[in-house]
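# Working through the structure, step by step
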Amino acid sequence: MSFSRHLTSLIQAKILVADDDPLVRDAVVKILELFGHKVVAVEDGATALDTVSEDFDTIILDINMPGLDGFETIQALNERNSEIPVLFLTGAGSMEYAVKAINLGAYDFIAKPIEDLDLFDVKIRRAIEKRMFVRREKSYKEDLEKEVREKTKELAEKNVLLEQYSHNLEVSTLNTIITLNIALEEKDQYTAGHTKRVTEYSLLIGQAMNLQGDDLNVLGRASQLHDIGKLVIDVSCIQKPGPLTDEEWVLVKKHPEIGENIIKPLDFLGREVEIVRHHHERLDGKGYPDGLVGDEIDLLTKIITVADSFDAMTSRRSYKVNMQRDEAVAELRACSNTQFDPVVVEVFAEIIAQHTE
Ligand SMILES: [Fe+2]
């Protein structure tokens, strides 16, 4: 055996040796140091447990030691989830000990006295390589977990931005339409402020009826959009003094469907599209465009119908004299159950009464 070969092929490592026999201990330390390793030597298991730390690459344990023996020491290391390979120093012919050590998770055995240095070197190097492999695996796993965590966080942040962007886009699209509607409405003295007032009345009714969740938002948006279809109807028809001709009525009555078609491409306005289409339906089925009856008309639509009619009656229209508020409320009540939902009419009548006092 040649020491020079060992000295040129060494992997430097930090090794803990525990043996109560000073002769054996010193011999093991000397050999390991000759191989170029850094060695910490202790005389029993308890001191080994106090000394060991993550930066050790291999542990060599004697079996018979005062206090904690080799088996109890490896059990204590197992309980700490130590991943450092443990080699046992065993006397010749102690097969029973060897089996017990294997069952306890020992990595290998070194027969003492140490006579075959080549074999000793191989066993130590194998244990060190095992330790390096475990370290690399652990660090790879940790890096991978860190990367996955960072990517997940990054993705979540991008998602929030995307959702925010998409929401902003929806809001600005909606605002553009509403602004256009209001601008055109303001050009006509008979319709100026109609949408704003209908929206206010509708929201007051919705709040009084305790609408929950998204219903109030939908009600507000649908109110703002209810007459959007009038954008494409010749205003001279709406503005003209005196009653409309049959042909003009046919044209005006198309505005719910036209409004529906204008906002239909905006996917986020699903419920509003339905309300815009049906805001001239009546409980008795005589409304347009679908002649819906009773509860086929949903609550939000019923609310807008009342608010819309009240504003039409109380604000100056081209062919009718505007009514006083109490006259308009009386008219709403007169048309309860035929045109309007009686509950909505009464809620609104209460609101008007409070606001008139
Ligand atoms: Fe309308």
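Description of the structure in this document. (Residues numbered from 1 in each chain as written. Predicted model: local features only at pLDDT ≥ 70, side-chain atom pairs only at ≥ 80, totals over all residues. Heavy atoms only, no water.)

### Section: the environment of Leu161
Here is the rule we go by: Strands are runs of DSSP state E lasting at least two residues, helices are runs of H or I lasting at least four, and both sets are numbered from the N terminus onward.
Checked against the element boundaries, Leu161 lands in helix α6 (residues 117-186). Sequence separation of Leu161 and Gln212 is 51 residues, and the distance between their C-alpha atoms is 27 Å.

### Structural notes on the packing of helix α7 (residues 194-208) against helix α15 (residues 342-356)
Inclusion rule: Axis angles are defined between N-to-C directions and span 0 to 180 degrees, where every axis is a line fitted to C-alpha atoms and, for a helix, only to the segment in contact. The scheme is simple: roughly parallel for angles under 35 degrees, roughly antiparallel for over 145, roughly perpendicular for 65 to 115, oblique for anything else. Two residues qualify as a contact provided that any one of their heavy atoms is within 4.5 Å of a heavy atom in the partner residue. In this classification, Asp, Glu, Lys and Arg are treated as charged, Ala, Val, Leu, Ile, Met, Phe, Trp, Tyr, Cys and Pro as nonpolar, and every other residue, Gly included, as polar.
For the pair α7 and α15, the least separation of the axes is 10 Å and the interaxial angle reads 110°. Between α7 and α15, the crossing angle belongs to the class labelled roughly perpendicular. Residues Tyr201, Leu204, Ile205 and Ala208 of α7 form the contact with α15, whose own contacting residues are Val344, Val347, Phe348, Ile351 and His355. Grouping the amino acids of the contact of α7 with α15 by side-chain chemistry returns eight nonpolar, one polar and no charged.

### Focus on the coordination of the iron ion
For clarity, the threshold we go by: Water is absent from the atoms considered, so a metal site may look incomplete; donors are defined as N, O and S atoms within 2.8 Å of the metal, or 3.2 Å for Na, K and Ca. Tetrahedral means four donors with every angle between 85 and 135 degrees, whereas square planar (four donors) and octahedral (six donors) require angles over 155 degrees between opposite donors and between 65 and 115 for all others; sites fitting neither are termed irregular.
For the iron ion, the full set of protein donor atoms is Asp227 (OD), His255 (NE2), His279 (NE2) and His280 (NE2), and the range of their distances to it is 2.1 to 2.3 Å. Seen from the iron ion, its four donor atoms lie at angles of 84 to 170°, and the figure they make is irregular. All donor residues of the iron ion come from one chain, and their arrangement in sequence is D-x27-H-x23-H-H. You can see His255 sitting in helix α11 (residues 255-263) and its partner His280 sitting in the loop between α12 (270-278) and α13 (299-314), a full 25 residues away along the chain.

### Concerning the packing of aromatic side chains
Cut-off, in case you're wondering: Any two rings among Phe, Tyr and Trp, with Trp reduced to its six-membered ring, count as a pair given centres within 6.5 Å; such a pair is stacked if its planes are under 30 degrees apart, edge-to-face if over 60, and tilted if neither. Accessible area is worked out with a 1.4 Å probe on protein chains only. A residue is then buried under 20% of its type maximum, exposed over 50%, and partly exposed in between. A ring has a charge above it when a Lys NZ or an Arg CZ is no more than 6 Å from the ring centre and no more than 35 degrees off the ring normal.
Taken as a whole and judged by the stated rule, the model has six aromatic pairs. The interplanar angle of 85° and the centroid separation of 5.3 Å between the aromatic rings of Tyr201 and Phe310 together place this pair among those described as edge-to-face. One end of the pair, Tyr201, is in helix α7; the other, Phe310, is in helix α13, with 109 residues separating them in the sequence. Assessed through its relative accessible area of 11%, Tyr201 is described here as buried. Looking at Phe310, the relative accessible area reads 0%, which means it is buried. Cluster of aromatic residues (ring-pair linked, three or more members): Phe71, Phe88 and Tyr97. Between Lys14 and the ring centre of Phe56, over which it is positioned, the NZ or CZ distance is 4.5 Å.

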